[in-house]
Every structure is written in C-alpha cells, then in structure tokens.
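# Examination of the molecular architecture
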Amino acid sequence: QVQLQESGPGLVKPSQTLSLTCRVSGGSITSNYHYWSWIRQPPGKGLEWIGYITYAGNSYYNPSLKSRTSISRDTSNDQFTLQLSSMTPEDTAVYYCVGGLKSAGPIFGSWGQGTQVTVSS
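## As for the overall build of the protein chain
- The secondary structure content of the protein chain amounts to 0 helices and 11 strands.
- Going residue by residue from the N terminus, the α and β elements of the protein chain occur as β-β-β-β-β-β-β-β-β-β-β.
- For 121 residues, the compact-globule estimate of 2.2 N^0.38 gives 14 Å, and the protein chain sits close to it at 13 Å.
- Principal-axis analysis of the C-alpha atoms places the extent of the protein chain at approximately 40 × 25 × 25 Å.
- Considering the protein chain as a whole, with its 121 residues, one finds that 44% of them fall into the buried category.
- When the accessible surface of the protein chain is totalled, it reaches about 6100 Å², and 46% of it is carbon and sulfur.
- Within the protein chain, one finds 8 positive and 6 negative side-chain charges whose respective centroids are separated by 4 Å.

Next up, the structure:
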C-alpha cells in the first residue's frame, strides 16, 4: 500500500539547484522502509544512484555527486527532498524516489513513477 510520488520542476537552468520532493503515502518515512533513496536515469543511459536518507535521518551519497547533493526529510509530512546544485545539461534525467528494504538494499523496494527533469537555458 505504500506509494511514492515525486514532484518538482521539470525544467532547470544551468548552474541552478534542483529541488525534488518525494511524498510517501500509505506509510511513513520512519517505518515501512529502512532507506529512502533517489535514483536517476539519463536519456539512453542506465540507472545512477544518487543517495539516500534512512528512517533515522542518516544520509549517504554517491561519491561522484556528493559535493552537489543534499537529501533531507520532513517527518511531519512524510516526505523527503533531493537538492542537487550546479546543474548542467548532463544532469537531464528521469528522477525516481525509492523506499528500500534494509535486508535488500537502498534501491530494492517501492519505486515512484519518476519525474522528468531537463536542464536547459
């Protein structure tokens, strides 16, 4: 019954910061899943893990994106947010939020439908 829904801008200008929010319904970010992750898929490329925040609020990021990434949570609204700074056209992708099982890993669980983000001037 747990569902995840991404929301945020579909278009971001180069050098600006992307902010996406994932809303969790049918559960909460302090239960159901251990990890709350962000993953993206650029056009014609594979999935790339961005990072996660745990139910307890601990965060970890892909080292290649760490300097530009911040993931936070809002427990009162059962949602968590991705901020990715210094956006370039190479950051154009479909962005997914995921609830991951502790026993399986950060990307193995329930996925949102994804949201297209295009970086263009």
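Past the structure itself, the notes keep going.
## Thoughts on the pattern of salt bridges
- Overall, the coordinates contain 3 salt bridges when judged by the stated rule.
- Across the pair Asp91 and Arg40 runs a salt bridge, and its minimum N-O distance is 2.8 Å. Taken together, the residues span a long stretch of sequence, with Asp91 in the loop between strand 8 (79-84) and strand 9 (93-100) and Arg40 in strand 4 (residues 35-41) at a distance of 51 residues.
- Arg68 is the salt-bridge partner of Asp91, the closest N and O atoms lying 3.0 Å from each other. Here Arg68 lies in the loop between strand 6 (59-61) and strand 7 (69-74) and Asp91 lies in the loop between strand 8 and strand 9, a separation of 23 residues in the sequence.
- For Asp91, a relative accessible area of 2% translates into the label buried.
- Among the residues examined, Arg68 registers a relative accessible area of 19% and is labelled buried.
- Ionic contacts of the salt-bridge type, sharing partners, join the residues Arg40, Glu48, Arg68 and Asp91 into one network.

## Observations regarding the environment of Ser110
- With respect to the helices and strands, Ser110 occurs in strand 10 (residues 109-111).
- C-alpha separation for the pair Ser110 and Trp36, spaced 74 residues apart in sequence, amounts to 9.6 Å.
- Not counting chain neighbours up to four residues away, the residues in contact with Ser110 comprise Val2, Leu4, Tyr33, Cys97, Val98 and Gly99.

Conventions adopted
Throughout this description, residue numbers start from 1 for each chain and increase along the sequence as written. The predicted nature of this model means local features are confined to residues of pLDDT at least 70 and side-chain atom pairs, given and counted, to a pLDDT of 80 or more, with totals for whole chains, interfaces and linings taken over all residues. Derived side-chain values reflect all non-hydrogen atoms in the structure, with water molecules and hydrogen atoms excluded from consideration. Counting from the N terminus, the helices are the DSSP runs of H or I reaching at least four residues and the strands are the DSSP runs of E reaching at least two. Taken over C-alpha atoms, the radius of gyration is set against a globule rule of 2.2 Å times the number of residues to the power 0.38. Here's how the labels work: a residue is buried when its accessible area is under 20% of the maximum for its type, exposed when over 50%, partly exposed in between, all with a 1.4 Å probe on protein chains only. The protein chains shown are the only cover counted for residues, whose accessible areas, like all others here, come from Shrake-Rupley with a 1.4 Å probe. Under the convention used here, Asp and Glu are negative, Lys and Arg are positive, and both His and the chain ends fall outside the count. To locate a charge, take NZ of a lysine, CZ of an arginine, CG of an aspartate or CD of a glutamate. Take a side-chain nitrogen of Lys or Arg and a carboxyl oxygen of Asp or Glu: if they are within 4 Å of each other, that pair is a salt bridge. Between two residues, a contact is recorded if the distance between any of their heavy atoms is within 4.5 Å.

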